[in-house]
Amino acid sequence: MHFEYQIEGGNFTRAGFASSEIKKMMKQLNVDMGVIKRTVVSTYEAEVNVVAHAFSGTIYVDLDEEKIVIQLQDQGPGIPDIDQAMKEGFSTASSAVREMGFGAGMGLPNIKRNADDFQITSEVNKGTNVKITMFFNK
Amino acid sequence: MVMDTKYFHHALKFRKDVCIGCSHCMSVCPTYAIRIRDGKADLLDNYCVDCGRCYRACPVGAIIVEQDDLRQIFNYSKRVAIIPSVLMGQFPSSVSITQVTSVLMELGFTHVYEVEHGVEVLKSQMSEYISENTDIRPLISTFCPAIVRLIQVRFPNLTPNLILLKSPLDIAAAYYNKKLIDEGNKAEEIGIFYITPCAAKIAAVKSPVGQKNSPITGVINMDYIFNKVYTAVKQGFPGKDSRIFPSRDPLKSSGITWPATNGEAAHMPGRTLAIDEINNVIEFLEQLENEENQDIDFLELRACDESCAGGILTSSNRFYTVERLKKRAQRSENKEKDNNYRYVNPGPIIEYKEFLKQNLAIKKIQPRSMEKLDENISLAMKKMEQVHEILDNLPYVDCGICGSPTCSVLAEDIVQGHANINQCIYVQKNLEQKGDLTSLQSMEILKKIWGKDKFEDKQ
Ligand SMILES: Nc1ncnc2c1ncn2[C@@H]1O[C@H](COP(=O)(O)OP(=O)(O)O)[C@@H](O)[C@H]1O
Ligand code: SF4
Ligand SMILES: [Mg+2]
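Comments concerning the overall build of chain B
Looking only at helices and strands, chain B has 17 helices and 11 strands in total. For chain B, the spread of C-alpha atoms along the three principal axes comes to 85 × 60 × 40 Å. Looking at the 459 residues of chain B, the share that counts as buried comes to 56%.

Thoughts on a negative patch on the surface
Taken together, the side chains of Glu-65 and Glu-66 of chain A together with Glu-385, Glu-389 and Asp-392 of chain B present a region of like negative charge at the surface. With respect to the secondary-structure elements, Glu-65 of chain A resides in the loop between strand E2 (56-63) and strand E3 (67-75). Among the residues examined, Glu-65 of chain A registers a relative accessible area of 32% and is labelled partly exposed.

Some thoughts on the pairing of E2 of chain A
Residue and element names in this part refer to chain A. Two strands pair when backbone bridges link them, and strand E1 (residues 2-8) and E2 are joined in this way by 7 bridges, in the antiparallel orientation. Each bridged residue has a counterpart across the sheet, and for Tyr-5 the counterpart in E2 is Ile-59. Pairing between E2 and E3: 8 bridges, direction antiparallel. Directly across from Tyr-60, in E3, lies its bridge partner Gln-71. Following E2, the chain reverses through 3 residues before pairing antiparallel with E3.

Quick notes on the pairing of strand E5 (residues 78-83) of chain B
All names here are of chain B. Of all 6 residues in E5, 5 are buried, a share of seventy percent or more. In the sheet, E5 pairs with strand E8 (residues 190-196) via 5 bridges, with the strands oriented parallel. Pairing of Arg-79 across the sheet is with Gly-191, part of E8. In the sheet, E5 pairs with strand E6 (residues 111-114) via 4 bridges, with the strands oriented parallel. Bridge pairing links Val-80 to His-111 in E6.

Quick notes on the pattern of salt bridges
Any two side chains of opposite charge can pair if their charged atoms end up close together. Tallying each qualifying case throughout the model produces 30 salt bridges over all chains. Ionic pairing is found between Arg-35 of chain B and Asp-413 of chain B, a salt bridge with its closest N-O pair at 2.5 Å. Residue Arg-35 of chain B is found in strand E2 (residues 34-37), and its partner Asp-413 of chain B is found in helix H15 (residues 407-415); the two are separated by 378 residues along the sequence. A salt bridge links Glu-183 of chain B to Lys-179 of chain B; the shortest N-O distance between them is 3.3 Å. If you follow the salt bridges from partner to partner, you end up with Lys-23 and Lys-27 of chain A together with Arg-154, Glu-286, Glu-289 and Glu-371 of chain B in one network.

Overview of the site of ligand 1
Residues and elements named next belong to chain A. Taken together, 18 residues are adjacent to ligand 1, and Asp-74, Ser-91, Thr-92, Gly-105 and Leu-108 come closest. Contacts to ligand 1 include Gly-107, whose backbone N or O atom sits 3.2 Å from an oxygen atom. Leu-108 places a polar main-chain atom, nitrogen or oxygen, 2.9 Å from an oxygen atom of ligand 1. For ligand 1, whose free accessible area comes to 530 Å², the fraction covered by protein is 94%. For the shell around ligand 1, the secondary structure elements donating two or more residues are helix H2 (33-53) and helix H5 (107-114). Top contributing element to the shell around ligand 1 by residue count: H5, with 3 residues. Its residues assigned to classes, the shell around ligand 1 comprises 8 nonpolar, 9 polar and 1 charged.

Structural notes on the nonpolar core
Residues Ile-132 of chain A together with Leu-285 of chain B are the most contacted members of the largest nonpolar core, which totals 185 residues. Of the residues forming this core, the biggest block, 8 residues, is contributed by H2 of chain A. Apart from residues no more than four positions distant in its own chain, Ile-132 of chain A is found in contact with Ser-42, Thr-43, Ala-46, Ile-68, Val-69, Ile-70, Leu-72, Ile-111, Ala-115, Asp-117 and Phe-118 of chain A.

Quick word on the sheet that holds E6 of chain B
Residues and elements named next belong to chain B. Strand order in the open sheet formed by 4 strands is E6-E5-E8-E9, and the pairing between neighbours is parallel. At either margin of the open sheet sits one strand with a lone partner, and together these are E6 and strand E9 (218-221). For this sheet, the mean inter-axis angle between neighbouring strands, taken without regard to orientation, is 30 degrees. Both E8 and E9 contribute to a ladder of 4 bridges, which runs parallel. Bridge assignment links Ile-195 to a residue of E9, and that residue is Ile-220. Sheet strands in contact with helix H7 (residues 168-182) are E5, E6 and E8, and its direction is about 155 degrees off that of E8. Contacting E8 and E9, helix H9 (residues 222-234) runs over the sheet at an angle of about 60 degrees to E9.

Brief notes about the interface of chain A and chain B
On the side of chain B, 27 residues touch chain A, which itself brings 28 residues to the contact. Taken over both partners, the interface formed by chain A and chain B buries close to 2400 Å², and the fraction arising from carbon and sulfur atoms is 54%. Put simply, chain A and chain B have 3 salt bridges between them. One salt bridge connects Glu-286 of chain B with Lys-23 of chain A, and the closest N-O pair in it is separated by 2.9 Å. Applying the counting criterion to the chain A and chain B interface returns 9 residue pairs in polar contact (both at pLDDT 80 or more).

Cut-off values and rules
- As a convention, each chain's residues are numbered from 1 in the sequence order in which they are written.
- Whichever chain is written first becomes A and whichever ligand is written first becomes 1, with later ones labelled in order.
- Reporting in this predicted model follows two pLDDT cut-offs: at least 70 for local features of residues, and 80 or more for side-chain atom pairs to be given and counted; totals over whole chains, interfaces and linings ignore these cut-offs and use all residues.
- Here the side-chain values reflect all heavy atoms present in the structure, with hydrogen atoms and water set aside.
- Where helices and strands are cited, they refer to DSSP runs of H or I of at least four residues and of E of at least two residues respectively, numbered from the N terminus.
- Buried means the residue's accessible area, taken with a 1.4 Å probe over protein chains only, is under 20% of the maximum for its type, while exposed means over 50%, and partly exposed covers the values in between.
- Candidates for patches are residues over 30% relative accessible area with no salt bridge; among them, like charges are joined within 9 Å and nonpolar side chains (Val, Leu, Ile, Met, Phe, Trp, Tyr) within 5 Å.
- Residue-level accessible areas treat just the shown protein chains as cover; the underlying method is Shrake-Rupley with a 1.4 Å probe.
- Every case where a carboxyl oxygen of Asp or Glu lies within 4 Å of a side-chain nitrogen of Lys or Arg is listed as a salt bridge.
- Neither His nor the chain termini are counted; the positive set is Lys and Arg, and the negative set is Asp and Glu.
- Charged side chains are reduced to one point each, which is NZ for Lys, CZ for Arg, CG for Asp and CD for Glu.
- A pair of strands is considered paired only if DSSP assigns at least 2 bridges between the two.
- We call a residue near a molecule or strand when any one of its heavy atoms sits within 4 Å of it.
- Any N or O atom pair separated by 3.5 Å or less is treated as a polar contact, with the protein-specific requirement of one donor-capable and one acceptor-capable atom, and with residues adjacent in sequence counted only for side-chain atom pairs.
- Basically, the charged four are Asp, Glu, Lys and Arg, the nonpolar ten are Ala, Val, Leu, Ile, Met, Phe, Trp, Tyr, Cys and Pro, and anything else, Gly included, counts as polar.
- For this analysis, a nonpolar core means a set of buried residues of the types Ala, Val, Leu, Ile, Met, Phe, Trp, Tyr and Cys, connected via side-chain atoms within 4.5 Å.
- The contact definition used throughout considers only heavy atoms, calling two residues in contact when any of these lie within 4.5 Å.
- Each axis is a line fitted through C-alpha atoms, taken for helices only over the stretch in contact, and angles between the N-to-C directions span 0 to 180 degrees.
- Put simply, buried area is how much 1.4 Å-probe accessible surface two parts lose in total, over both of them, once they are put together.

This is the structure:
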């Protein structure tokens, strides 16, 4: 099954919508609770990144019996140095974003740690692609 | 929905003979546990968490809270009434605890004891539990049984976060039972009766989660007791000739406010949050599941607005009740500070602290997710595809005319074989226009859901 969700840059109020939908479907599929938890946590962080750092984006979700693949494609500034962005605590978030409780620089490292497979590509001034894959019987 | 074994005892009972099938209960149920069939509300036992929203919403009193018969207390020679501080909070401040105790004794109880004495034992143990179990965050209170059930069915991921300690009620009951036995009474002579503010507590006593059996013998509804006591007081009881029973153990301030919102959270270490009202709790837990870094240490979650002051079996306005609890707590606190006042502090329950501490733990609470479409993932996957296909044809109006609370619940009901797509009135209209359904047939469908009576020509 395939689903798509739109993300609006700067709108933290709606961040988490896609994660909640994904969570609901995985619960319906009776997927292991630990896997659901890791999926939702990583999707949410990736969603928040688009909201916090990009202009707009789309989430593509592909779901079958074995796995869920979540791809987040955004239009935004891109990431000039991915290795640096992946470091714990590294953040370019504005103070306004930090005041909202986001921007601790733990998002990307957390996604990497929680995802079974994690890929990130980015082009400066164009956008970023994040791909999260989770396997159900793990 | 998967229908299998019945897990729960429910104190909420639906009286088919009184129910008018208006669906008010279905619209307010936070766990989508109600459907309308044959003109009556139908409760899906395994989805119901006993929050009592439906009870409040029913305009004709068709939902009742099943209680034990007060007369059964006379099967015991020691008849203990265990009352929550919320009971005292029902009365205007002119009514004293001595008066209430005296009327309860007049009704046949031989002992009256307040639930929240149990807090004296629990408070420090819970605080320690939170400080020791640092690997699980946030830890969630098991005080409100409706919340424990909600977590089991809707948030199974969070069952490991539940604090595995007994409630003040179980502690108070265990203490009183032990004390009476130590005084030379036989176990079978002792009956311990809880005056409950809600259906959830009854369900928890009748089928306890994480415990083999409950120390409580029976449960009496608070509104029933309140009406009896208040009538007696209004009629001048206890008068000059009546026996008066002072309540011996004063409750400490933290105990008095424990069942109110922030009653627990205020005393727990670290970053704590108190959330009341079940829909608020659901919204918060949904969000919590998304977050990785949880720096909240303790969550107090209560199903009722204003917590137990808003329990469905309370009679007084919940805001007044909270105010009274706070005032009583303030008076108690002043006394606690006063050195000249010979306060029996913190009461005789403390002598049993070691015994009670040893019996404080409850067993691991099992998740029992009700969201899964099927145990088998391939079947669940197929069903999910069907649910989405069906949803494409539904209007997302959530009108409830189909007898299910929302369009997505109807889609699931259809896939599970409990409903049919042409129960949707929008689908019916489309089919009628295409000539695939006659108006007679659609009328039959509606009658099957809402009952014949609603379609009778009343002119
Ligand atoms: N979708 C994105 N578009 C542009 N920059 C991003 C995106 N995601 C992450 N970044 C960059 O990587 C940094 C680290 O991300 P992360 O670890 O999630 O921390 P945080 O979001 O708290 O700053 C961000 O501060 C930002 O500079
Ligand atoms: S908040 Fe109190 S009264 Fe309401 S359901 Fe929970 S325990 Fe019962
Ligand atoms: Mg981030």
